[in-house]
Amino acid sequence: MVLTQVHQPEEGSSTFVGSVFSSRYVQDPLPRYEMPQKSISKDAAYQIIHDELLLDSSPRLNLASFVTTWMEPECDKLMLEAVNKNYADMDEYPVTTELQNRCVNIIARLFNAPVSEKEAAVGVGTVGSSEAIMLAGLAFKRRWQNKRKAEGKPFDKPNIVTGANVQVCWEKFARYFEVELKEVKLSEGCYVMDPVKAVEMVDENTICVAAILGSTLTGEFEDVKLLNDLLTAKNQKTGWDTLIHVDAASGGFIAPFLYPELEWDFRLPLVKSINVSGHKYGLVYAGVGWVIWRSKEDLPEELIFHINYLGADQPTFTLNFSKGSSQIIAQYYQFLRLGFEGYKNVMKNCMESARILRKGLVRTGRFDIISKEKGVPLVAFSFKDMSHNSAMKLATLLRRYGWIVPAYTMPVNLEHMTVLRVVVREDFGRPLAEKFLSHVAMALDELDSSSKAPLVPALKYTIEVVSCTDDANQPFMVRVLPQEAEPVKKTVPLLTGKTKGVC
């Protein structure tokens with residue numbers, strides 16, 4: 001098999017032609033941004049796309065993502081078998097719908113929803129926590145509007161109180177659905193929402209306070225119990241009815257198994273809805289989230305649509321319609337396969353890998369660990385000297401070994417901090433953790449070497465083009481005239497030996 005480079009089209013052409021796979025199947029260049037005029041064989045189509053995708057990073061070495069990157073082959077097989085089932089066709093695929101309902105009830109009881117043994121929980125599967133948050137936010141907004149209308153009060157300026165550490169989907173909800181987002185600023189040493197400051201920001205137009213169980217920035221759990229107590233006191237004092245939503249996208253499948261005594265869920269009276277990502281620590285591939293409501297009363301009926309054009313009456317409350325069934329089936333597989341014991345073991349193993357990482361990073365003497373040991377299994381750390389450039393360079397150097405480690409600045413008030421974060425998933429065990437630490441040590445050595453490299457002078461040249469009228473084969477010649485060298489403040493690492501990157 002040979003890779004051939006095809007010529008670029010003329011400037012301004014609407015057809016972009018790039019490198020194409022060429023063998024016994026394909027000899028002609030193929031357009032990249034236009035549909036080809038002719039068909040090609042299935043083998044060639046597969047090989048072209050397969051080869052191009054080789055340039056993607058390895059998902060298992062992507063330490064930036066919380067999303068599951070490994071499942072058992074048996075679950076992969078189930079997902080493939082269901083890949084052609086439309087989740088929206090509930091009447092045509094009643095068993096798939098039943099599996100979704102089982103998942104909703106399992107999660108609701110895991111979160112201590114006040115439902116009896118024979119009572120059905122209220123919730124829905126989504127494509128992720130972003131959609132789940134949109135649905136929960138809409139329910140809070142409509143509930144608040146209905147109450148304000150009944151009281152004859154203005155209902156055009158709703159707001160939500162959150163910490164500045166919230167994920168971007170909360171900003172999307174606020175912008176898309178015209179809700180003011182009131183953010184509690186973070187402070188040095190406190191990288192999550194302060195419940196006291198949050199309650200101070202609540203007013204009569206606050207539709208809910210959003211607490212995060214597992215901050216994206218540091219993995220820390222916010223104190224939902226204290227928030228509930230403070231908000232209860234304020235509601236009693238003011239006569240308001242401000243409620244709580246818990247964004248448990250990352251921590252919802254961790255806290256019940258590792259910290260069962262922690263009160264953050266429906267055990268707290270003001271918690272009316274919770275979202276969780278099945279594709280994070282629910283251990284399913286990307287594409288599934290869940291939102292659970294405390295009771296039917298907390299989900300306004302007018303937000304639920306009823307359709308019958310697929311064969312039977314179907315209630316639906318989603319932002320999209322058609323979607324695959326595979327992730328729903330995979331979620332049920334994990335619940336059935338692992339059970340409470342299995343999930344607990346997986347989470348304990350993840351926390352142990354995070355502990356190994358934390359100890360190894362501390363041992364270098366170069367980093368401050370800003371994540372807590374109690375929370376999502378991740379390690380967030382910064383250079384002791386708060387160097388922004390060092391953090392960015394380290395992230396770049398680690399990519400040479402295949403690792404993707406994000407380096408990011410913290411929100412308002414903490415912009416001087418640049419943080420690196422390693423998320424520990426089920427498939428990141430002790431051997432990978434130890435290999436990662438060895439690569440961090442090598443990258444730090446290279447970082448130190450580059451900072452100590454000598455100054456390299458800048459050499460200036462004058463290029464002179466001279467006409468050669470007496471030689472038809474050489475119409476002109478080029479003379480290079482060196483000038484005096486000038487020292488510049490630029491460091492260049494002088495490395496020897498084998499390449500330290502990944503071939």
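Owing to the predicted nature of the structure, the values given are computational and were not obtained by experimental measurement.

Enquirer: Got a sec to walk through the overall build of the protein? Specific residues and values, please.
Expert: Each helix and strand counted, the protein has eleven helices and 19 strands in total. Split into buried and exposed, the 503 residues of the protein put 47% on the buried side. Look at the contacts in the protein between residues 6 or more apart in sequence, and 67% of them connect residues 24 or more apart. About 26600 Å² of surface is accessible on the protein, with carbon and sulfur atoms providing 54% of the total.

Enquirer: So, the UniProt feature "modified residue: N6-(pyridoxal phosphate)lysine" (unreviewed entry) in the protein: which residues are in play, and what are the values?
Expert: Summarizing the sequence annotation, UniProt attributes the feature "modified residue: N6-(pyridoxal phosphate)lysine" (unreviewed entry) to K280 in the numbering used throughout. On the basis of relative accessible area, K280 is assigned to the buried category, the value being 16%. Contacts of K280, omitting those with residues within four sequence positions, involve F66, V67, T68, A249 and S250.

Enquirer: I'd like a description of helix 4 (residues 129-150), backed by residues and values.
Expert: Here helix 4 spans 31 Å end to end across 22 residues, near enough to the 32 Å set by a 1.5 Å rise per residue. Where helix 4 terminates, the next one or two residues include G152, which has phi positive at roughly 70 degrees.

Enquirer: Lay out the sheet that holds strand 3 (residues 122-126) with the relevant residues and their values.
Expert: Within the open sheet, the seven strands sit side by side as 3-9-8-7-6-4-5. Their pairing is mixed. Strand pairing shows two members of the sheet lacking a second neighbour, strand 3 and strand 5 (180-184), which therefore form its edges. Put simply, the sheet's adjacent strands are angled 20 degrees from each other on average, direction ignored. Summarising the sheet, strand 4 (residues 159-163) and strand 6 (residues 206-212) pair through three bridges and their orientation is parallel. Each bridged residue has a counterpart across the sheet, and for V161 the counterpart in strand 6 is V209. Along the sheet, helix 3 (residues 94-110) contacts strand 3, strand 8 (271-277) and strand 9 (289-293); its crossing angle with strand 9, the most-contacted strand, is approximately 60 degrees. Along the sheet face, helix 7 (residues 224-238) touches strand 6, strand 7 (244-247) and strand 8 and points at about 170 degrees away from the line of strand 7.

Enquirer: Which residues make up the packing of aromatic side chains, and what values go with them?
Expert: The relative placement of two aromatic rings is captured by the distance of their centres and the angle of their planes. For the structure on display, the rule yields 13 aromatic pairs. Considering the side-chain rings of W403 and F428, the 6.1 Å spacing of their centres and the 80 degrees angle between planes classify their relative orientation as edge-to-face. Of this pair, W403 sits in the loop between helix 10 (388-399) and strand 14 (407-409) while F428 sits in the loop between strand 15 (418-423) and helix 11 (430-451), and the two are 25 residues apart along the sequence. One exposure class covers both W403 and F428, and it is buried.

Enquirer: Can you lay out the pairing of strand 15 for me, pointing to particular residues and giving the numbers?
Expert: A large share of strand 15 lies buried, amounting to six of its six residues. Here strand 15 shows a buried face lined by T418, L420 and V422 and a second buried face lined by V419, R421 and V423. Pairing analysis gives three bridges linking strand 14 to strand 15, with the strands arranged antiparallel. Residue Y408 lies in a different strand from strand 15, and its bridge partner there is V419.

Enquirer: Got a sec to walk through the packing of helix 4 against helix 5 (residues 168-176)? Specific residues and values, please.
Expert: In contact at an axis separation of 9 Å, helix 4 and helix 5 are set at 45 degrees when each is read in the N-to-C sense. The angle between helix 4 and helix 5 places the two elements in the oblique class. Considering only the axes of helix 4 and helix 5, their crossing is right-handed. Between helix 4 and helix 5, the residues in contact are S130, I133, M134, G137 and L138 and C169, W170, K172, F173 and Y176, respectively.

Enquirer: Talk me through the packing of helix 9 (residues 326-363) against helix 11; I want residue IDs and the actual numbers.
Expert: At their nearest, the axes of helix 9 and helix 11 sit 9 Å apart, and the two run at 20 degrees to each other. Classed by the angle they form, the pair helix 9 and helix 11 counts as roughly parallel. With respect to the hand of their crossing, helix 9 and helix 11 are arranged in right-handed fashion. Side by side, helix 9 and helix 11 meet where E352, S353, I356, L357, G360 and L361 of the first sit next to R430, A433, F436, L437 and V440 of the second. Split by residue class, the contact of helix 9 with helix 11 holds seven nonpolar, two polar and two charged.

Parameters at a glance
Residues numbered from 1 in each chain as written. Predicted model: local features only at pLDDT ≥ 70, side-chain atom pairs only at ≥ 80, totals over all residues. Heavy atoms only, no water. Helix = DSSP H or I, 4+ residues; strand = E, 2+ residues; numbered from the N terminus. Buried < 20%, exposed > 50% of the residue type's maximum accessible area, 1.4 Å probe, protein only. Contact = heavy atoms within 4.5 Å. Areas by Shrake-Rupley, 256 points an atom, 1.4 Å probe, with all protein chains shown as cover. UniProt positions renumbered as here; feature names shortened; annotations may be inferred. Expected span 1.5 Å × (residues − 1). Pairing = 2+ DSSP bridges. Axes fitted to C-alpha atoms, helices over the stretch in contact; angles between N-to-C directions. Phe/Tyr/Trp six-rings, centres within 6.5 Å; stacked < 30°, edge-to-face > 60°. Parallel < 35°, antiparallel > 145°, perpendicular 65-115°, else oblique. Left-handed = near helix turned anticlockwise from the far one by under 90°. Nonpolar A, V, L, I, M, F, W, Y, C, P; charged D, E, K, R; others polar.

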